[in-house]
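Listed below, chain by chain, are the residues.
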Amino acid sequence: MDRTVIAIDGPSASGKSTVARLLAERLGYRFLDSGAMYRAFALLARRRGVAGDDEEGLAELVPEARIELRGERVLLDGEDVSGEIRTPEIDRLVSQVARVPAVRRGMVARQRAAYPGEPLVVEGRDIGSVVFPDARVKVFLDASPEERARRRARESHRDVRNVLEEQRERDERDSRRAHSPLVKAAGAVVIDTTGLTLEEVVERLLALTRDALRSRPGEPSTGSSSS
Ligand code: C5P
């Protein structure tokens, strides 16, 4: 690989998006939210009336899925769907469609083709393990389920118990699926963000990145793990 990639994986609401965005901004790198691609695909499936368990129907949709990420915005067939992909309904559907191998292949190809040649911060579930296994820095961000549910509930003004229950189901589906489950990639540095401020997490990632960029290309980062 001839570009610098920082891979940030972890479960839902572990703080990945905010942290990855800030890190990209500080480094002057592009930011890629791979979950937004799966979400846009789930929305497409819903609009076309293809069910989450209809593997064949979903596979047929892949070639025609026109998904573009433009900074903060997500476009589906040229339409801005940034708000529509973040509803509880899409939360439920997305981890179902993300289990289908043909869907994953399609999204992974799009992720690898994004911003050719430019340095990237990419966040998701399988970035360090599957999408960019040669990433210069691999981080697995985690936080306790309760802390993650509290964060989500605060953001979405929902009841924390409902969020916790849905989150448990989604985590389980993401971790148990046969293809590219959520795992800590080999060589990933685990950071537990419970009790850490956003700034503390970003600082830690910046330090890891600087470290990795100082070491020789191809040499894995040797940042210390906090867990
Ligand atoms: O990160 P976010 O919560 O937006 O991701 C939505 C869903 O997309 C996840 O629950 C997971 O099912 C799927 N996903 C994935 N692989 C990725 C990123 C997201 O399977 N790299």
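Thresholds applied
- Residues numbered from 1 in each chain as written.
- Predicted model: local features only at pLDDT ≥ 70, side-chain atom pairs only at ≥ 80, totals over all residues.
- Heavy atoms only, no water.
- Near = heavy atom within 4 Å.
- Polar contact = N/O pair within 3.5 Å; in protein donor to acceptor, adjacent residues only side chain to side chain.
- Areas by Shrake-Rupley, 256 points an atom, 1.4 Å probe, with all protein chains shown as cover.
- 1 Å grid on protein atoms, 1.4 Å probe; cavity = no way out; pocket = protein on both sides within 12 Å on 5 of 7 lines; lining within 4 Å.
- Sits in = over half its atoms within 2 Å of the grid points.
- Helix = DSSP H or I, 4+ residues; strand = E, 2+ residues; numbered from the N terminus.
- Nonpolar A, V, L, I, M, F, W, Y, C, P; charged D, E, K, R; others polar.
- Domains from an automatic or database assignment.
- Salt bridge = Lys/Arg side-chain N within 4 Å of Asp/Glu carboxyl O.
- Buried < 20%, exposed > 50% of the residue type's maximum accessible area, 1.4 Å probe, protein only.
- Expected span 1.5 Å × (residues − 1).
- Contact = heavy atoms within 4.5 Å.
- Points joined across faces, edges and corners; volume = space filled by probe spheres on them.
- Buried area = accessible area lost by both parts, 1.4 Å probe.

Taken together, 17 residues lie near the ligand, and Arg-39, Arg-104, Asp-126, Arg-170 and Asp-174 sit nearest. Here a nitrogen atom of the ligand sits 3.0 Å away from a polar atom, N or O, in the side chain of Ser-34. Here an oxygen atom of the ligand and a side-chain polar atom of Arg-104 are 2.8 Å apart. Coverage of the ligand by the protein chains reaches 97% of its 460 Å² of free accessible surface. Cavity membership is defined here by more than half of the atoms lying within 2 Å of grid points; on that basis the ligand lies in the largest pocket. When contributions to the shell around the ligand are tallied by element, the ones reaching two or more residues are helix H2 (34–47), helix H4 (88–97) and helix H8 (160–176). Tallying contributions element by element places H2 first for the shell around the ligand, with four residues. The residue makeup of the shell around the ligand, split by class, is four nonpolar, four polar and nine charged. When residues are assigned to domains, the shell around the ligand turns out to be shared by domain 1 (1–15 + 23–29 + 120–227) and domain 2 (31–117), each giving three or more.

A separate point is the pattern of salt bridges. Per the stated rule, a full pass over the model turns up 30 salt bridges. Taking the shortest distance from any N to any O, the salt bridge between Arg-30 and Glu-118 comes out at 3.0 Å. Of the two residues, Arg-30 is situated in strand S2 (residues 30–33) and Glu-118 in the loop between helix H5 (101–113) and strand S6 (120–124); the sequence distance between them amounts to 88 residues. A relative accessible area of 35% places Arg-30 in the partly exposed class. Judged by its relative accessible area of 29%, Glu-118 falls in the partly exposed class. When salt bridges that share partners are traced, they join Arg-46, Arg-47, Glu-79, Glu-84 and Glu-89 into one network.

The next thing to look at is H5. With 13 residues, H5 extends 18 Å between its outermost C-alpha atoms, agreeing within 8% with the 18 Å of an ideal straight helix rising 1.5 Å per residue. Of the positions making up H5, those classed as buried are Ala-102, Val-103, Arg-104, Gly-106, Met-107, Val-108 and Gln-111. The elements touched by buried residues of H5 are S2, H2, helix H3 (55–61), strand S3 (67–70), H4 and helix H6 (127–131). Trailing H5 by a residue or two, Tyr-115 shows a phi angle of about 45°, which is positive.

If you add up the space inside the largest pocket, you get close to 980 Å³. Lining the largest pocket are 48 residues, with Ala-13, Ser-17, Arg-39, Arg-86 and Arg-152 positioned closest to its centre. Of all the elements in the fold, those that place two or more residues in the lining of the largest pocket are helix H1 (16–27), S2, H2, H4, S6, helix H7 (145–156), H8 and helix H9 (198–214). Residues lining the lining of the largest pocket come from more than one domain, with at least three contributed by each of domain 1 (1–15 + 23–29 + 120–227) and domain 2 (31–117).

Split by domain assignment, the protein chain resolves into domain 1 (1–15 + 23–29 + 120–227) and domain 2 (31–117). Taking only C-alpha atoms into account, the centre of domain 1 sits 20 Å from that of domain 2. Across the interface of domain 1 and domain 2, roughly 1900 Å² is buried in total on both sides, 50% from carbon and sulfur atoms. Summed over the three residues of domain 1 that lose the most area to domain 2, namely Arg-3, Glu-123 and Arg-173, the buried surface amounts to 28% of that side. Inspection of the domain 1/domain 2 interface yields two salt bridges. For Arg-104, the salt bridge identified is with Asp-126, shortest N-O distance 2.9 Å. On the surface where domain 1 and domain 2 come into contact, there are twelve residue pairs in polar contact (both at pLDDT 80 or more). The biggest single contributor to the side of domain 1 that touches domain 2 is S6, with five residues. Looking at side-chain class alone, the side of domain 1 that touches domain 2 contains nine nonpolar, three polar and ten charged residues.

Here we take up empty space enclosed by the protein. One simple way to see leftover space: roll a probe sized like a water molecule over the atoms. Within this structure, the stated rule accounts for one cavity of 30 Å³ or more. What the largest cavity holds in volume is close to 120 Å³. Every residue along the wall of the largest cavity is listed here: Ser-12, Ala-13, Asp-91, Arg-92, Arg-152, Arg-158, Val-163, Glu-166, Gln-167, Glu-169, Arg-170 and Arg-173. Those elements that place two or more of their residues in the lining of the largest cavity are H4 and H8. Counting residues per element, the lining of the largest cavity draws most heavily on H8, which supplies six residues. When grouped by side-chain class, the residues that make up the lining of the largest cavity number two nonpolar, two polar and eight charged.

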